[in-house]
Number of protein chains: 2
Amino acid sequence: MGLVVQKYGGSSVRDAERVMNVANRIVETYDQGNNVVVVVSAQGDTTDDLIEKAQEINPKASKREMDMLLSSGEQISVALLAMAIEKLGRPVVSLTGWQVGVQTDTKYSAARIHKVKTERLHDELDKKRIVIVAGFQGINKYDDITTLGRGGSDTSAVALAAALGADVCEIYTDVDGVYTADPRFVKNAFKLDDISYDEMLELASLGANVLHNRSVEMAKKYHVKLAVKSSLNKVEGTYVKEVDQVEKMLVRGVTRDNDCARIALCGVEDTPGKAFQVFSLLSKNGISVDLIIQSIGNGVTKDISFTVTEGDLDHALQLIEEKKDLIKAEKVTWSKDVSKVSIVGAGMVNNAGVATTMFEALYDAHININMIATSEIKISVLVDQKDAERAVVAIHDKFML
Amino acid sequence: MGLVVQKYGGSSVRDAERVMNVANRIVETYDQGNNVVVVVSAQGDTTDDLIEKAQEINPKASKREMDMLLSSGEQISVALLAMAIEKLGRPVVSLTGWQVGVQTDTKYSAARIHKVKTERLHDELDKKRIVIVAGFQGINKYDDITTLGRGGSDTSAVALAAALGADVCEIYTDVDGVYTADPRFVKNAFKLDDISYDEMLELASLGANVLHNRSVEMAKKYHVKLAVKSSLNKVEGTYVKEVDQVEKMLVRGVTRDNDCARIALCGVEDTPGKAFQVFSLLSKNGISVDLIIQSIGNGVTKDISFTVTEGDLDHALQLIEEKKDLIKAEKVTWSKDVSKVSIVGAGMVNNAGVATTMFEALYDAHININMIATSEIKISVLVDQKDAERAVVAIHDKFML
């Protein structure tokens, strides 16, 4: 008996059969005596289809009109899911973002939630209705529809859970939970029963593709207990919660991220502020820099290497070319054939041996390390892309077996 | 210079090309210095596709959820049309029914408009924006989305025009205007320059398929000048307006309606109130009766014939069968192979010869008349369906040539 918020992604409701399947799960939770609020994304390819329609007419359409367009996708899926639950004979109501009162700022297509009103939700829950809410969307102070950007429905679900003080926010996806590594190529990978918010944040940003970062950040901030579960089976998922409730394990996950490119500026003048010039130039232009290595200068020149996402590579190179008189590098090289391999674990902060063990695993596998970066709960290395999967397996088995 | 409300139907915006075409027309009106408010229906088959999705999941879905579902169709088309206008470089904003404040009663799927708020509309017009409004939809006192039923976008357009005091409400469709008869089979049919509200009402309900009745009723009530025009060419359309502004013509149009079925109750007991029993039974069950003939009774029995729509035929026959002990007809017969052919004209009220001329035309064409009904501005006859087109041509040419 409690208040459960569930979130189902687009692939979980992509056709009539999947919608009925989801409806059955929701009804099961409801029949156990819970109040149930469900957040749904747009069905399968709906959003892509709508984007295509817009592109055909105006590739430079305003974000305000894109939000008007795209938010219809979730409106369709909430109505269909409500109909499926009606078929199962349970009381239900579907609500759009504006009907709930998901109030956001005015940044169309990437809006941030300011506040979630709860009057209508409580009203419907008091009537013992299952409430189906359109994810990904909100309303701004002009009464215009906004969307929350990538991973928006996860964020909607966590925001509703926080506003309602839900006992748990269950995120249903097409994987069983959070794994120690990608089970598609790491045969010894296993599912974690729980994980801390911070570890999840690192895993999410490192390409684990399970939960969007913003939703984890929000869950951490408002102490919302998250559960990552599969919508396709009944396997117990992974709980994301406060760190002190989490099982102590040195390393919780090993990830690989192929979406990175390395840029090296060789023979840069060895004067103070040179690195600052380069990185402020990039950040002013909206390019995030990830791993950074700067060689110890010889008093005359030094080398600066860093990684960006592949999508930002061309833009970054262009900016560097434009400012070559300022940067004065002898040579600029770059490569897309690199991957970032990382280990994450809240336990490693107190254990100096973790890095050593990681490097040993790579050495044993004859894998060369290009760059290294560490934080309190993460160590990342840049390796050649061809070595990346082997690197993950080697590191995973070294720590986990 | 004025305030123009335009309405475009689903086929006018069915694909990117048509959307751009409509955008160009709107911009033309805007560039002439007008304030422009545009009402749009869902694109082409969108509504049918959404209904199919719903049917697949739950053929008995609640009307509340159907309205939630279907209203997304217009949300898509307003956004796309706004994007097309953005491409043409004019200021524009799209609005849903709830954003405008189209307030309706709570009868989902067939809601009536109570009131249209104008604050947001005036606000946007003051900013010199073209305003694109989702037709067919409104919002009720629970903040739930309602739809207006068949022809709903026409009604939306007229309601907005009335609320804003627009100079004209232009209804764009795929015909050039209102014709004296269906030009597909009456080669001498010609387009009317103008027509009165009452004439248009009779033509609409007689199957002219140009404007929905509710929108004409509303236009009459609020003195909204309507123009029916083609979205595909620049032909001057037909104006629907006050009767005294309309050209005097005895007969304004000849129509045919195949969607009717005749039921005959033969040998019914000739006592007072018998017809009342039959028709109150049908009306209580939501069946509208159109033409009625009752033979003069012989003191013992009489015959009662009437027409209903084809869709209501089975239900009507079933009701009559259930109450056969009450109705006590000797025989019940029915036929779907009938058509109603009608002439409409505000001038005929003062001219007794009109009916005679009509019957003469049918006599000359050797067409048998089954039933006759007259009103102040209309005369309808029931003929065999196979004769219907010939009847229309004969009557049309008799009056119009």
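Residues numbered from 1 in each chain as written. Chains lettered and ligands numbered in written order. Predicted model: local features only at pLDDT ≥ 70, side-chain atom pairs only at ≥ 80, totals over all residues. Heavy atoms only, no water.

**Things to note about the side chain of Asp 176 of chain A**
Residue and element names in this part refer to chain A.
Step number 1: Here Asp 176 shows up in the loop between β9 (168-173) and β10 (194-196).
Step number 2: No salt bridge forms around the buried Asp 176; measuring N to O, its nearest opposite-charge neighbour Lys 191 is 6.8 Å away.
Step number 3: Side-chain polar atoms of Asp 176 contact the side chain of Asn 233, separated by 2.8 Å. (Helix = DSSP H or I, 4+ residues; strand = E, 2+ residues; numbered from the N terminus. Buried < 20%, exposed > 50% of the residue type's maximum accessible area, 1.4 Å probe, protein only. Lys, Arg positive; Asp, Glu negative; His and termini not counted. Salt bridge = Lys/Arg side-chain N within 4 Å of Asp/Glu carboxyl O. Polar contact = N/O pair within 3.5 Å; in protein donor to acceptor, adjacent residues only side chain to side chain.)

**So, the sheet that holds strand β19 (residues 371-375) of chain A**
For sheets, the rule is that strands pair by backbone hydrogen bonds, running either parallel or antiparallel.
Residues and elements named next belong to chain A.
Step number 1: Read from one edge of the open sheet, four strands run β13-β18-β20-β19, paired in antiparallel fashion. Both edges of this open sheet fall to β13 (253-257) and β19, since each of them pairs with a single strand only. When strand polarity is set aside, the average angle formed by the axes of neighbouring strands in this sheet is 20°.
Step number 2: As defined by bridge partners, β19 adjoins strand β20 (residues 378-384) across five bridges and the pair is classed as antiparallel. Counterpart to Thr 374 in the pairing with β20 is Ile 379.
Step number 3: Running at roughly 20° to β20, helix α12 (residues 353-364) makes contact with β18 (338-344), β19 and β20 of the sheet.
Step number 4: Strands in contact with helix α13 (residues 388-400) are β13, β18 and β20; relative to β13, the strand with the most contacts, it is inclined by about 170°. (Pairing = 2+ DSSP bridges. Axes fitted to C-alpha atoms, helices over the stretch in contact; angles between N-to-C directions. Contact = heavy atoms within 4.5 Å.)

**Here's the deal with the state of the cysteines**
Chemically, a disulfide is nothing more than a covalent bond linking the sulfur atoms of two cysteines.
All names here are of chain A.
Step number 1: Here the structure, examined in full by the defined rule, presents zero disulfides over all chains.
Step number 2: The closest cysteine sulfur to the non-disulfide-bonded Cys 260 is located on Cys 266, 18 Å from its own sulfur.
Step number 3: Cys 260 gets classed as buried once you look at its relative accessible area, which sits at 5%. (Disulfide = S-S within 2.5 Å.)

**Structural notes on the packing of aromatic side chains**
Step number 1: Summed over the entire model, instances satisfying the criterion amount to five aromatic pairs over all chains.
Step number 2: When the ring centre of Tyr 239 of chain A is taken as origin, the NZ or CZ atom of Lys 225 of chain A, which lies over that ring, is 4.8 Å away. (Phe/Tyr/Trp six-rings, centres within 6.5 Å; stacked < 30°, edge-to-face > 60°. Lys NZ or Arg CZ within 6 Å of the ring centre and 35° of its normal.)

**So, the relation of the copies chain B and chain A**
Each of the two chain copies can be brought onto the other by rotation about an axis and movement along it.
Step number 1: You can overlay chain B on chain A at an RMSD of 0.1 Å; the transform is a turn of 180° with a shift of 0.1 Å along its axis. The superposition of one copy onto the other is thereby described by a two-fold rotation axis. Within chain B, Ser 72 of chain B has its C-alpha nearest the rotation axis, a separation of 2.6 Å.
Step number 2: Interface overlap between copies is the fraction of interface residues in one copy that are interface residues in the other; for chain B against chain A it reaches 100%, indicating a shared surface. (Least-squares fit on C-alpha atoms with pLDDT ≥ 70 in both.)

**Some details on the pattern of salt bridges**
Step number 1: Throughout the structure, instances matching the rule amount to 50 salt bridges over all chains.
Step number 2: Note that Arg 252 of chain A and Asp 194 of chain A form a salt bridge whose closest N and O atoms lie 3.4 Å from each other. Here Arg 252 of chain A is found in the loop between β12 (238-241) and β13, whereas its partner Asp 194 of chain A is found in strand β10, with 58 residues between them in sequence. Comparing Arg 252 of chain A with Asp 194 of chain A shows no difference in burial state: the two are buried.
Step number 3: By sharing partners, the salt bridges in this structure join Arg 64, Glu 65 and Asp 144 of chain A together with Arg 120, Glu 124 and Arg 129 of chain B into a single network.

**Let's talk about the interface of chain B and chain A**
Step number 1: Taken together, the contact pairs 42 residues of chain B with 42 residues of chain A.
Step number 2: Interface area, chain B with chain A, both sides summed: about 3400 Å², of which 60% is carbon and sulfur.
Step number 3: On the chain B side of the interface with chain A, the three residues burying the most area are Ile 57, Met 83 and Trp 98 of chain B, jointly 21% of the side's total.
Step number 4: The tally of links between chain B and chain A comes to two salt bridges.
Step number 5: The closest approach of N and O atoms between Arg 120 of chain A and Asp 144 of chain B, which form a salt bridge, is 2.7 Å.
Step number 6: Inspection of the chain B/chain A interface yields 22 residue pairs in polar contact (both at pLDDT 80 or more). (Buried area = accessible area lost by both parts, 1.4 Å probe.)

**So, the nonpolar core**
Step number 1: Ranked by internal contacts, the top residues of the largest apolar core, which has 78 residues, are Ile 26, Leu 81 and Ile 132 of chain A together with Ile 26, Leu 81 and Ile 132 of chain B.
Step number 2: Leave out the neighbours within four places in its chain, and Ile 26 of chain B touches Gln 6, Tyr 8, Val 36, Val 38, Leu 81, Ile 85, Ile 130 and Ile 132 of chain B. (Core = buried A, V, L, I, M, F, W, Y, C linked by side-chain atoms within 4.5 Å.)

**Considerations on a negative patch on the surface**
Step number 1: The grouping of Asp 45, Asp 48, Asp 49, Glu 52 and Glu 56 of chain A at the surface amounts to a negative patch.
Step number 2: Tracing the backbone shows Asp 45 of chain A in the loop between β2 (35-40) and α2 (46-57). (Patch = residues over 30% accessible without salt bridge, like charges linked within 9 Å, V, L, I, M, F, W, Y side chains within 5 Å. Areas by Shrake-Rupley, 256 points an atom, 1.4 Å probe, with all protein chains shown as cover. Charge placed at Lys NZ, Arg CZ, Asp CG, Glu CD.)

**What about unusual backbone geometry?**
Trans peptide bonds make up the majority, and among non-glycine residues the majority have a negative phi.
Residues and elements named next belong to chain B.
Step number 1: Although it is not a glycine, Ser 109 sits at a positive phi angle of roughly 75°.
Step number 2: Summarising the element assignment, Ser 109 is placed in the loop between β4 (102-104) and β5 (113-116).
Step number 3: Look at His 366: it is not a glycine, yet its phi comes out positive at around 60°.
Step number 4: Structurally, His 366 can be placed in the loop between α12 (353-364) and β17 (371-375).

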